[in-house]
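Fold and contact review
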Amino acid sequence: MRLLLLLLAILPLAMAAPKSSATDRLAIRYDYFKVYSLFIENEQQLEELKEIYEDISVHVLNELAGPGHSYNIIVGPLLQKYVEGKLNELKIIFKVIVDDLQKLLDKSAVDKDSQMEWESYHTLDTIYDWVDKECAAHDYLECKVIGQSYEGRDIKSIRLSKREGNKAIFLEGNIHAMEWISSATVTFLLNELINSEDPEMQRLSEEYDWIVVPMVNPDGFVYTHEVERLWRKNRRPNGATNSSGPCYGIDMNRNFDYHWGGAGWNIDEPCDHWFGGHEPNTEIEILSLQSFVSSFEDGYIRSYMAFHAYGQYVLLPYGHSNTEFPPNYEQMKRIAAAFSDAASEPYGSAFTYGASGLLNYVVSGAAKDWAYGVKNIPFTCTVELRDKGTYGFFLPSNQITEVGVEVAAGLKGLVNKAAEEGIFD
């Protein structure tokens, strides 16, 4: 029975996978796949969901952290009746939030020939071409290649500095490949800092230095465009195999050497989405990022902000515990509250703030915790962008500009409050 269910899970993917002209690889499609939102009430239901995940290979989009949370799963058309029956049998409350995942993905189709703007998602080449043009046009931008990915792609950085003696704010994008809204938002913010006529944004670009790495995971990002939209990790073979062949990738936001490996669902499963590596600091992309951050004088970078999807959170250290908090946690909460208040003004989007281990789930090895715990940067956070689950990781491209506008508003509030709190002193 288990083998039959596994074959039923794989069959729709195999049937809906035409050759990709760009790469001559199989481009996975999700025609008629549904996305379900489940609410897990207790430990028994959580264990049953884990069994469903193991037995029939449904795609779980969220880490299974514990009861009292909602989780999204993707189910192919041949398994939907079975899964719905199983959920009803287990009294797990569920609803269908996406009827046809491929139709939703098609709403964010990418025009490879388009110029950089923030009404659609873009390829890595388009993003990097825009970065290069801005760097050539403005002498206050210092642009570097801080390293190469496993597959040899550049990891680019931009440092905006208009005045000597400024303290710096670091913006990190797209460490998780499938979270396209991350690099879209980071580049939106950079564009505002460079080109906006808004007096407040221009003041921030004068009074603070800005260091931006819009694409930490270029290999995974390209893979989501060319092969598998749902890919999360980088693309280095990790040495493991399963029934489908070699397993690839490390979840790089689980690979930083700060309380590495202490917590997180399936972080020790090499073929799973959340595998944190066999040991910390194994990935060339992470080592390049860490080396770049460490190349600056101690005390220069005063804030590190990593942008992710989704849930509308400002997540503070620590991730590895829900009982241990940073010494200046109350100060960090006041700064995060300023972001939340300001970000809600344009469109009413509510951002919840607090320690990630408390609000979201306990997990180790994240960038924000390394930046705080190892590099002693006094304000670090992960900003989980729109939305709260309606579209999740597949936010339509017609929301990119709105996300950029509300995050820019939040950023102004955050920086001003951080200055008031003495973060930049």
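As the structure is a computational prediction, the values presented were derived from the model and not from experiment.

Scanning the protein from N- to C-terminus turns up 13 helices and 14 strands. For the protein, the C-alpha radius of gyration of 21 Å lies close to 22 Å, the compact-globule estimate for 425 residues. Along the longest, intermediate and shortest principal axes, the C-alpha atoms of the protein span 70 × 50 × 40 Å. Relative to its 425 residues, the protein shows a buried fraction of 59%. Carbon and sulfur atoms make up 48% of the accessible area of the protein, which totals about 17,200 Å². Computed over 37 positive and 62 negative side-chain charges, the inter-centroid distance for the protein is 2 Å.

Look at helix H5 (residues 124–137): 20 Å from first C-alpha to last across 14 residues, which is about the 20 Å you get at 1.5 Å a residue. Burial in H5 covers these residues: Leu124, Thr126, Ile127, Tyr128, Trp130, Val131, Glu134 and Cys135.

Assigned domains within the protein: domain 1 (34–107) and domain 2 (124–223 + 278–421). Placing the centre of domain 1 and that of domain 2 at their C-alpha centroids yields a distance of 30 Å. When residues of domain 1 are sorted by the area they lose upon contact with domain 2, Leu61, Glu63 and Leu104 head the list and together hold 43% of the total. The tally of links between domain 1 and domain 2 comes to zero salt bridges. Taken together, domain 1 and domain 2 are joined by three residue pairs in polar contact (both at pLDDT 80 or more). Those elements that place two or more of their residues in the side of domain 1 that touches domain 2 are strand S3 (69–75), strand S4 (93–98) and helix H4 (101–106). Split by residue class, the side of domain 1 that touches domain 2 holds eight nonpolar, three polar and two charged.

Once that is clear, we can look at the state of the cysteines. Overall, the coordinates contain two disulfides when judged by the stated rule. Note that Cys135 is cross-linked by a disulfide to Cys143, the S-S spacing being 1.7 Å. Disulfide Cys135-Cys143: the torsion about the S-S bond is -80°, which places it as left-handed. Judged by relative accessible area, Cys143 falls into the partly exposed class, the value being 32%. Between Cys247 and Cys271 runs a disulfide, and the two sulfur atoms are separated by 1.9 Å. Disulfide Cys247-Cys271: the torsion about the S-S bond is 85°, which places it as right-handed. Of this pair, Cys247 sits in strand S10 (residues 245–248) while Cys271 sits in the loop between S10 and helix H9 (284–294), and the two are 24 residues apart along the sequence. Relative accessible area serves as the criterion here: at 35%, Cys271 is assigned to the partly exposed category. Each bonded cysteine of the protein is numbered by sequence order, and under that numbering the disulfide pairs are 1-2, 3-4.

A few words on the nonpolar core. Core analysis: the largest hydrophobic core is formed by 100 residues, its most contacted members being Leu101, Trp210 and Phe394. When residues in this core are grouped by element, the largest group, nine residues, is from helix H6 (residues 180–195). Two domains each put at least three residues into this core: domain 1 (34–107) and domain 2 (124–223 + 278–421). With near-sequence residues (within four places) excluded, Leu101 lies in contact with Tyr30, Phe33, Val35, Ile74 and Phe394.

Turning our eyes to something else, we now look at the sheet that holds strand S2 (residues 59–60). Within the open sheet, the four strands sit side by side as S2-S3-S1-S4. Their pairing is antiparallel. Here the strands that pair on one side only, and so sit at the sheet edges, are S2 and S4. With five bridges joining them, strand S1 (residues 34–40) and S4 adopt antiparallel strand pairing. Bridging from a neighbouring strand, Ser37 pairs with Lys95 of S4. Helix-sheet contacts for helix H2 (residues 43–56) involve S1, S2 and S3, and the interaxial angle to S1 is about 155°.

Here we take up the UniProt feature "active site" (unreviewed entry) in the protein. Here, the residues flagged by UniProt with the feature "active site" (unreviewed entry) are Glu384. Along the polypeptide, Glu384 turns up in strand S14 (residues 379–385). In this structure Glu384 touches His308, Ala309, Tyr310, Gly311, Gln312, Tyr313, Leu315, Phe351 and Asn360, once residues within four positions along its chain are discounted. A polar contact of 3.2 Å, which involves the side chain of Glu384, links it to the backbone nitrogen of Tyr310.

Within the structure shown, the criterion is met by 21 aromatic pairs. For the pair Tyr318 and Tyr372, a centre-to-centre distance of 6.0 Å together with 75° between the ring planes defines the contact as edge-to-face. Taken together, the residues span a long stretch of sequence, with Tyr318 in the loop between strand S12 (313–316) and helix H10 (329–347) and Tyr372 in helix H12 (residues 367–373) at a distance of 54 residues. Residue Tyr318 shares its accessibility class with Tyr372, and that shared class is buried. An aromatic cluster of at least three residues, connected via ring pairs, comprises Phe170, Phe292, Phe296, Tyr300 and Tyr304. In this structure, Arg229 packs its charged tip against the face of Trp180, placed 3.7 Å from the ring centre.

Below, the discussion takes up the sheet that holds S12. Spatially, S5-S6-S8-S7-S11-S14-S12-S13 is the arrangement adopted by the eight strands of the open sheet, whose pairing is mixed. Among the strands making up the open sheet, the edge pair consists of strand S5 (141–148) and strand S13 (352–355). Looking at each pair of strands side by side, their axes are set apart by 20° on average, direction ignored. As defined by bridge partners, S5 adjoins strand S6 (residues 154–160) across seven bridges and the pair is classed as antiparallel. When the bridges of S6 are listed, Glu142 appears paired with Arg159. The strands touched by H9 within the sheet are S5, S6, strand S7 (168–173), strand S8 (209–213) and strand S11 (301–309), with S5 carrying the most contacts at an inclination of about 145°.

About the thresholds
Residues numbered from 1 in each chain as written. Predicted model: local features only at pLDDT ≥ 70, side-chain atom pairs only at ≥ 80, totals over all residues. Heavy atoms only, no water. Helix = DSSP H or I, 4+ residues; strand = E, 2+ residues; numbered from the N terminus. Rg over C-alpha atoms; globule rule 2.2 N^0.38 Å. Buried < 20%, exposed > 50% of the residue type's maximum accessible area, 1.4 Å probe, protein only. Areas by Shrake-Rupley, 256 points an atom, 1.4 Å probe, with all protein chains shown as cover. Lys, Arg positive; Asp, Glu negative; His and termini not counted. Charge placed at Lys NZ, Arg CZ, Asp CG, Glu CD. Expected span 1.5 Å × (residues − 1). Domains from an automatic or database assignment. Buried area = accessible area lost by both parts, 1.4 Å probe. Salt bridge = Lys/Arg side-chain N within 4 Å of Asp/Glu carboxyl O. Polar contact = N/O pair within 3.5 Å; in protein donor to acceptor, adjacent residues only side chain to side chain. Nonpolar A, V, L, I, M, F, W, Y, C, P; charged D, E, K, R; others polar. Disulfide = S-S within 2.5 Å. Core = buried A, V, L, I, M, F, W, Y, C linked by side-chain atoms within 4.5 Å. Contact = heavy atoms within 4.5 Å. Pairing = 2+ DSSP bridges. Axes fitted to C-alpha atoms, helices over the stretch in contact; angles between N-to-C directions. UniProt positions renumbered as here; feature names shortened; annotations may be inferred. Phe/Tyr/Trp six-rings, centres within 6.5 Å; stacked < 30°, edge-to-face > 60°. Lys NZ or Arg CZ within 6 Å of the ring centre and 35° of its normal.

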